Amino acid sequence: MLLTKFTHACVRLEQDGRVLVFDPGNFSETEQALDGADAVLITHEHPDHIDVDVVTSALQEVRSLQLFAPAGVAAQLRGKVPDAGQRIHTVAPGEDFEAAGLSVRCFGGQHALIHPQIPVVANIGYFVDSNVYHPGDSFVVPDGVKVQTLLVPIHAPWNKVGEVVDFVIGVRAPKAFPIHDALLNENGRGLVEGHVTRFGAKYGTEYRHLSSGDTVEV
């Protein structure tokens, strides 16, 4: 399986000629990420995880494109693209489904708390093909599975470095790569990734930096 990182939280998986895309948001190269996609997984409704206009256009133009999202996101998109309603699927924690020929299991339930006065929205973490876990905006550790490749939200208004490190330690995947990093400058990135690399290694996780456009085999 090939994994390509785009800016921020958007990631593209390719296997056997099929393409699955996570969170094509408005900080990301969404049109490039969605080119040739068979399915899209949306973790939650925030615009840095779904560029509604671009995703709507993709659903209109590609009649085979399937999309999976929490109920609120799915309902919004059905309202914008009624003809694609049967290709827009509502998912919830604990559910399993197939997308782009890959098995997917859902975890989580809600977005991490930013502030008590900011409403918490639904958030789904996706575990794909018994390999890659994208938690969206949460540090939910998936139960009952062994993650091989962890996507780590290394910076956000809702997290701190210690929580990032504890998430990596808690999942203990052999490989880990960054997501949710568009708000960091190079100084901040170096600090966070240094901690994640050092502490992750103590618990068996090899953390590797990826820049936007980098592709690795997982």
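Here's a quick rundown of the structure. Not measured: the values here are computed from a predicted model.

Reading the values: rules and limits
- Residues numbered from 1 in each chain as written.
- Predicted model: local features only at pLDDT ≥ 70, side-chain atom pairs only at ≥ 80, totals over all residues.
- Heavy atoms only, no water.
- Buried < 20%, exposed > 50% of the residue type's maximum accessible area, 1.4 Å probe, protein only.
- Helix = DSSP H or I, 4+ residues; strand = E, 2+ residues; numbered from the N terminus.
- Pairing = 2+ DSSP bridges.
- Right-handed = clockwise from strand over helix to strand, strands pointing away.
- Axes fitted to C-alpha atoms, helices over the stretch in contact; angles between N-to-C directions.
- Contact = heavy atoms within 4.5 Å.
- Salt bridge = Lys/Arg side-chain N within 4 Å of Asp/Glu carboxyl O.

**Here we look at the pairing of strand S12 (residues 175–179)**
With four of its five residues buried, S12 lies for the most part within the structure. Sheet topology places strand S11 (residues 149–153) next to S12; five bridges connect them, and they run parallel. Residue pairing across strands places valine 152 opposite proline 178, the latter belonging to S12. Running through helix H4 (residues 161–171), the crossover from S11 to the neighbouring parallel element S12 is right-handed. With two bridges joining them, S12 and strand S13 (residues 206–207) adopt parallel strand pairing. Across the sheet, lysine 175 pairs through a bridge with glutamate 206, a residue of S13.

**Regarding unusual backbone geometry**
Phi at aspartate 23 takes a positive value of approximately 45°, unusual for a residue other than glycine. Mapping aspartate 23 onto the fold places it in the loop between strand S3 (18–22) and helix H1 (30–34). Taking the relative accessible area as the measure of exposure, aspartate 23 reaches 0% and is therefore buried. The phi dihedral of histidine 180 is positive, around 55°, even though this residue is not glycine. Here histidine 180 shows up in the loop between S12 and helix H5 (186–202).

**Comments concerning the sheet that holds strand S1 (residues 2–5)**
The pairing of strands in a sheet comes from backbone hydrogen bonds and takes either a parallel or an antiparallel form. Within the open sheet, the seven strands sit side by side as S6-S5-S4-S3-S2-S1-S14. Their pairing is mixed. Only two strands of the sheet have a single partner each, and these edge strands are strand S6 (88–90) and strand S14 (215–217). Each strand of the sheet is rotated relative to its neighbour by a mean of 20°, with strand direction disregarded. Judged from the three bridges that link them, S3 and strand S4 (residues 39–41) form a sheet pairing that is parallel. Counterpart to leucine 20 in the pairing with S4 is alanine 39. Along the sheet face, helix H3 (residues 71–80) touches strand S5 (66–69) and S6 and points at about 155° away from the line of S6.

**Details of the side chain of asparagine 131**
Mapped onto the elements, asparagine 131 comes out in the loop between strand S9 (122–128) and strand S10 (132–134). Once residues lying within four places of it in the same chain are set aside, the contact partners of asparagine 131 are Met1, Val147, Gln148, Thr149 and Val218.

**Re the environment of methionine 1**
Position of methionine 1 relative to the elements: it lies in the segment before S1. Since its relative accessible area comes to 13%, methionine 1 is described here as buried. Note: C-alpha distance between methionine 1 and serine 103 (102 residues apart in sequence) is 13 Å. When residues no more than four places from it in sequence are discounted, the contact partners of methionine 1 are Leu13, Glu14, Gln15, Leu102, Asp129, Asn131, Val132, Val216, Glu217 and Val218.

**Re the pattern of salt bridges**
Tallied over the full model, the rule gives six salt bridges. Arginine 105 is the partner of aspartate 96 in a salt bridge, and the nearest nitrogen-oxygen pair spans 2.9 Å. Here arginine 189 and glutamate 186 are joined by a salt bridge, their closest N and O atoms 3.6 Å apart. Taken together, the residues span about one helical turn, with arginine 189 and glutamate 186 both in helix H5 at a distance of three residues. Given the relative accessible area of 12%, arginine 189 is considered buried. Glutamate 186 gets classed as exposed once you look at its relative accessible area, which sits at 60%.

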